[in-house]
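Structural characterization, general
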Amino acid sequence: MKASDTGREAKTAQADSIILLSAFLVMIMVIGGGARSLAAERSFVPLSPQPTCSALAREVELACHSWTEIAAAQKAGTRTAIIPIGGTEQSGPYIAVGKHNVRAQLLADLIARQLGHTIVAPVMAYVPEGSTTPRRSHMRFPGTLSLPPDIFEAVVRGAAESLRVQGFQTIVLLGDHGGDQRTLAHVATTLNAAWKHQGAQVLFVHNYYQVIPTHYAELLRKRGYGNAVGQHAELSDTSLMLAVDPSLVRQEALRHAAQPHSADGVYGGDPRQATAELGRLGTDLQVQAAVEAISSFNRSHL
């Protein structure tokens, strides 16, 4: 063999070694990167520190179940569905604008648990709150979201119709917002006429809302809070919110505030003496009124 041939073979062997070493290093990097990715995946913490589906929500909320679980519940006797209607509106300087939505969802869940064989649809957060051009009613304040009345009525009808065709026989309209009560009554009347031979009916539970300005307000007056009871964002409204979710109430600011008025979004009364204990009196009345109305309706119709 010639010396030149020996040199070429040595160079070729050296190049092959470099190629093999490079491939090996690339493989190590890929495997290592994959391992790091897996480790990162396994150590990933969900963004929400609190689960959306609490123990109560997992029992009764439509949104917390798969379609197969909902079908199984229907086979097991679930024939009633509640549509909670809230609203996104100003409630003075000391209550967050999601007040009605939070209250409607939680109280509907409690009602469903007491009734049994009842599921709760997601709360409707968009309702008529006043004209946008010009800005009237609650729409005068930042944070309020308003739908035209005909659009709102169509959304409620569509949700109820969706539940009917799936086999629910009692569809309950539960309105936490005072301005929607007549519309919900009209939707119930209209759908019941249309569904006359469909094996399903709509129940509008007016007393769920009506116990607040009547029985609950009277309870508060008897306890010496008559001057603090008003129409909106006052003692009763704020106490109800404290009983359901105090995180939506700016309690520290409220305790040091001067009495708010209509220019602040508080219509009558005074929220400064509100407590969760007083609010619980009202929420108990609401839950009881709804459970009695729905139970009575189902005994007569199912």
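Everything discussed here concerns the structure shown above.
Since we're looking at a predicted model, the values are computed, not measured.

Take the side chain of R103 next. Locating R103 in the fold gives a position in helix α4 (residues 99–115). Only 2.9 Å separates the side chain of R103 from the side chain of D237, close enough to count as a polar contact. Setting aside chain neighbours within four positions, we find R103 in contact with D176, Y208, D237, L240, M241 and V244.

This structure, assessed with the given rule, holds nine salt bridges. Between E161 and R164 there is a salt bridge whose closest N-O contact spans 2.6 Å. Note that E161 and R164 are positioned in helix α5 (residues 149–165) at a spacing of three residues, about one turn of the helix. Taking relative accessible area as the criterion, E161 reaches 29% and is therefore assigned partly exposed. Across the pair R221 and E218 runs a salt bridge whose closest N-O atoms are separated by 3.9 Å. Within this pair, R221 and its partner E218 are both found in helix α8 (residues 212–222), separated by three residues, close to a single helical turn. Connected through shared salt-bridge partners, E89, K99, R103, D176 and D237 make up one network.

Here we come to the packing of α4 against helix α11 (residues 276–301). Two numbers describe how α4 lies on α11: the axes approach to 9 Å, and their chain directions differ by 45 degrees. Relative to α11, α4 is oriented oblique. As α4 packs across α11, the resulting crossing turns out to be right-handed. Here L107, L110, I111, Q114 and L115 of α4 lie close against α11, whose contacting residues are T283, Q286, V287, A290, V291, I294 and S295. When the residues that make up the contact of α4 with α11 are grouped by side-chain class, the tally is eight nonpolar, four polar and no charged.

So, how was this worked out
Residues numbered from 1 in each chain as written. Predicted model: local features only at pLDDT ≥ 70, side-chain atom pairs only at ≥ 80, totals over all residues. Heavy atoms only, no water. Helix = DSSP H or I, 4+ residues; strand = E, 2+ residues; numbered from the N terminus. Polar contact = N/O pair within 3.5 Å; in protein donor to acceptor, adjacent residues only side chain to side chain. Contact = heavy atoms within 4.5 Å. Salt bridge = Lys/Arg side-chain N within 4 Å of Asp/Glu carboxyl O. Buried < 20%, exposed > 50% of the residue type's maximum accessible area, 1.4 Å probe, protein only. Axes fitted to C-alpha atoms, helices over the stretch in contact; angles between N-to-C directions. Parallel < 35°, antiparallel > 145°, perpendicular 65-115°, else oblique. Left-handed = near helix turned anticlockwise from the far one by under 90°. Nonpolar A, V, L, I, M, F, W, Y, C, P; charged D, E, K, R; others polar.

Treat this as a map of the structure, not an account of what it does.
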